[in-house]
Amino acid sequence: MSVPELIRIVSRDSPMALAQVERVRAELAALYPGVRTAVVPVKTTGDKWMGDLSQVEGKGAFTKEVDAALLAGEADLAVHCVKDVPADRPLPAGTTFAAFLKRDDIRDALVHPGGLTLDELPAGTRIGTSSVRRVAQLAATHPELECVPFRGNANRRLAKLAAGEADALLLAVSGLERIDRRDVISEVLSPETMMPPIGAGILALQCREGDTELIDAVSGLGDPDTHREATAERMFLHVLQGHCNSPIAGYARVDRGGELSLRACVFTPDGKTRLNAHEWAGRLDPATLGTSVAVALLRQGAREIIDGIPH
Ligand SMILES: NCc1[nH]cc(CCC(=O)O)c1CC(=O)O
């Protein structure tokens, strides 16, 4: 396998994103000893704008500037959290996913400085989160808790928590692991308690479409099961056509026997209505499974719920 002499890797410049780049560099070095890599950090709109993300023009607040650097030839490889890559439209023209790395933990965690679990939190506890998915699910199961808007990268959210701007946080386990802060977790929430977002815990490597030497080389970092899960989940979101204020959650799983299934939900913002679907792929390919689960939710009224939410 021939590998480019130098691979320039572009990503957001948050501590989490830079840790993700280090994982990619380590995996590249393990597969291709002697390969040279360089890091091109960029700030995205989502990093700069601390208000409501739905007010940011268009989607891809965490990916737009990264994609632009790739397309402009300022870098050769982009590292994205799949969770942050819009799925309602194709990838930016001229780019392609070359690999999905082996999936990390998909679960959310409660971060409470006093070490309490979700069920132990007293009424009125302020949970710092701006995620409509987390807000809807908490409203359904823990209506006595109060959600307060909270933005910024994970390190900043932990700092704001320490400064008393909230009493507890919900953050992805995988993200906390990447910034080496698993220690702050007071409870890991099961996917049944807090259904994860589409693409949770998956890193995608994106290249320019014509860069076949690099695409072939980095595809060696891909994990086949994660590829199937990511494909099913992203097609599900594509067919559903959500917007940034739609509480949508779900995850695909390849079980030990190699069987793929996809479970997904759509909520109203108050969490009072929850549509559920769970299907096994059987003979279907991952993308068709994603389509089928989306159609199952549309049949239950998902379109009306999604379109009824201001955005
Ligand atoms: N938008 C921020 C973001 N993007 C991806 C992750 C978590 C890591 C992942 O799922 O890959 C996070 C932080 C969080 O939700 O707590």
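Because the structure is predicted, anything quoted here is derived from the model rather than measured.

Visitor: Explain the site of the ligand here, please?
Guide: Close contacts around the ligand come from Met16, Cys81, Lys83, Asp84, Arg134, Leu171, Ala172, Ser174, Arg178, Ala200 and Gly201, and that covers them all. Between the ligand and Lys83, the relevant distance is 2.4 Å, taken from an oxygen atom to a side-chain nitrogen or oxygen of the residue. When the ligand sits alone it has 400 Å² of accessible area, and the protein chains cover 91% of it. Elements with a minimum of two residues in the shell around the ligand: β8 (168–172) and α6 (173–178). The residue makeup of the shell around the ligand, split by class, is five nonpolar, two polar and four charged. Counting the residues that make up the shell around the ligand, at least three belong to each of domain 1 (6–101 + 202–222) and domain 2 (108–188).

Visitor: Looking at this structure, how should I read the nonpolar core?
Guide: Nonpolar side chains in soluble globular proteins tend to be buried together. Within the largest apolar cluster, 25 residues are counted, with the highest numbers of intra-cluster contacts made by Phe236, Leu240, Val266 and Leu297. For this core, the secondary structure elements donating two or more residues are α8 (224–240), β11 (248–254), β12 (260–267), β13 (274–280), α9 (286–299) and α10 (302–307). The biggest single contributor to this core is α9, with five residues. If near-sequence neighbours (up to four positions away) are discounted, Leu297 is found in contact with Phe236, Ala264, Cys265, Val266, Leu275, Asn276, Ala277 and Ala302.

Visitor: Sorry if this is basic, but what is going on with α9 here?
Guide: Helical periodicity: at 3.6 residues per turn, an α-helix aligns residues three or four positions apart in one direction. With 14 residues, α9 ought to run about 20 Å at 1.5 Å a step, and its terminal C-alpha atoms sit 20 Å apart, in line with that. For α9, every residue scored as buried is listed here: Leu289, Gly290, Val293, Ala294, Ala296 and Leu297. One face of α9 carries all of its buried residues, which in axial projection span an arc of 155°. For α9, the secondary structure elements touched by its buried residues are α8, β12, β13 and α10. Two residues or fewer past α9, Gly301 is found with a positive phi of approximately 110°.

Visitor: Explain the side chain of Asp67 here, please?
Guide: Tracing the backbone through its elements, the reader meets Asp67 in helix α3 (residues 64–71). Put simply, Asp67 is tucked away with no salt bridge, and the nearest opposite charge, on Arg89, sits 7.6 Å away. Reaching out from Asp67, the side chain makes a polar contact with the side chain of Gln206 at a distance of 3.4 Å. In contact with Asp67, not counting residues within four places along its chain, are His80, Pro92 and Gln206.

Visitor: It is not clear to me how the packing of α8 against α9 should be interpreted in this structure. Could you clarify?
Guide: Two measures define how a pair of helices packs: the angle their axes make with one another and the distance between the axes. Interhelical geometry of α8 versus α9 gives an angle of 40° and a closest axis separation of 7 Å. Between α8 and α9 lies a crossing whose hand is right-handed. Between α8, through Arg228, Thr231, Ala232, Met235, Phe236, Val239 and Leu240, and α9, the contact on the second element is made entirely by Pro286, Ala287, Leu289, Gly290, Thr291, Val293, Ala294, Leu297 and Leu298. Tallied by class, residues from the contact of α8 with α9 come to 12 nonpolar, three polar and one charged.

Visitor: How should I be thinking about unusual backbone geometry in this particular structure?
Guide: Here Asp180, not a glycine, exhibits a phi torsion of approximately 60°, which is positive. By the secondary structure assignment, Asp180 is in the loop between α6 and β9 (187–188). You will see that Gln241, though not glycine, has its phi angle at about 50°, which is positive. Counting through the fold element by element, Gln241 comes out in the loop between α8 and β11.

Visitor: What should I look at first to understand the sheet that holds β11 in this one?
Guide: Strand order in the open sheet formed by three strands is β11-β12-β13, with antiparallel pairing between adjacent strands. Where the open sheet ends on each side, the last strands, each with one partner, are β11 and β13. Direction aside, the axes of adjacent strands within the sheet are offset by 10° on average. Where β11 and β12 come together, seven bridges link them in antiparallel fashion.

Visitor: It is not clear to me how the domain arrangement of the chain should be interpreted in this structure. Could you clarify?
Guide: Looking at the chain, the domain boundaries give domain 1 (6–101 + 202–222), domain 2 (108–188) and domain 3 (235–307). Placing the centre of domain 1 and that of domain 2 at their C-alpha centroids yields a distance of 27 Å. Contacts between the two partners involve 15 residues from domain 1, matched on the other side by nine residues from domain 2. Of the roughly 920 Å² buried at the junction of domain 1 and domain 2 (both faces included), carbon and sulfur atoms supply 54%. Broken down residue by residue, the surface that domain 1 buries against domain 2 is led by Pro15, Met16 and Met50, which jointly contribute 49%. Along the contact surface separating domain 1 from domain 2 lie zero salt bridges. Our enumeration of links across domain 1 and domain 2 arrives at two residue pairs in polar contact (both at pLDDT 80 or more). Within the residue set of the side of domain 1 that touches domain 2, elements represented by two or more residues are α1 (15–31) and α2 (45–48). Per-element accounting of the side of domain 1 that touches domain 2 gives the leading share, four residues, to α1. When the residues that make up the side of domain 1 that touches domain 2 are grouped by side-chain class, the tally is 10 nonpolar, four polar and one charged.

What counts, and at which threshold
Residues numbered from 1 in each chain as written. Predicted model: local features only at pLDDT ≥ 70, side-chain atom pairs only at ≥ 80, totals over all residues. Heavy atoms only, no water. Near = heavy atom within 4 Å. Polar contact = N/O pair within 3.5 Å; in protein donor to acceptor, adjacent residues only side chain to side chain. Areas by Shrake-Rupley, 256 points an atom, 1.4 Å probe, with all protein chains shown as cover. Helix = DSSP H or I, 4+ residues; strand = E, 2+ residues; numbered from the N terminus. Nonpolar A, V, L, I, M, F, W, Y, C, P; charged D, E, K, R; others polar. Domains from an automatic or database assignment. Core = buried A, V, L, I, M, F, W, Y, C linked by side-chain atoms within 4.5 Å. Buried < 20%, exposed > 50% of the residue type's maximum accessible area, 1.4 Å probe, protein only. Contact = heavy atoms within 4.5 Å. Expected span 1.5 Å × (residues − 1). Arc of directions from axis to C-beta. Lys, Arg positive; Asp, Glu negative; His and termini not counted. Salt bridge = Lys/Arg side-chain N within 4 Å of Asp/Glu carboxyl O. Axes fitted to C-alpha atoms, helices over the stretch in contact; angles between N-to-C directions. Left-handed = near helix turned anticlockwise from the far one by under 90°. Pairing = 2+ DSSP bridges. Buried area = accessible area lost by both parts, 1.4 Å probe.

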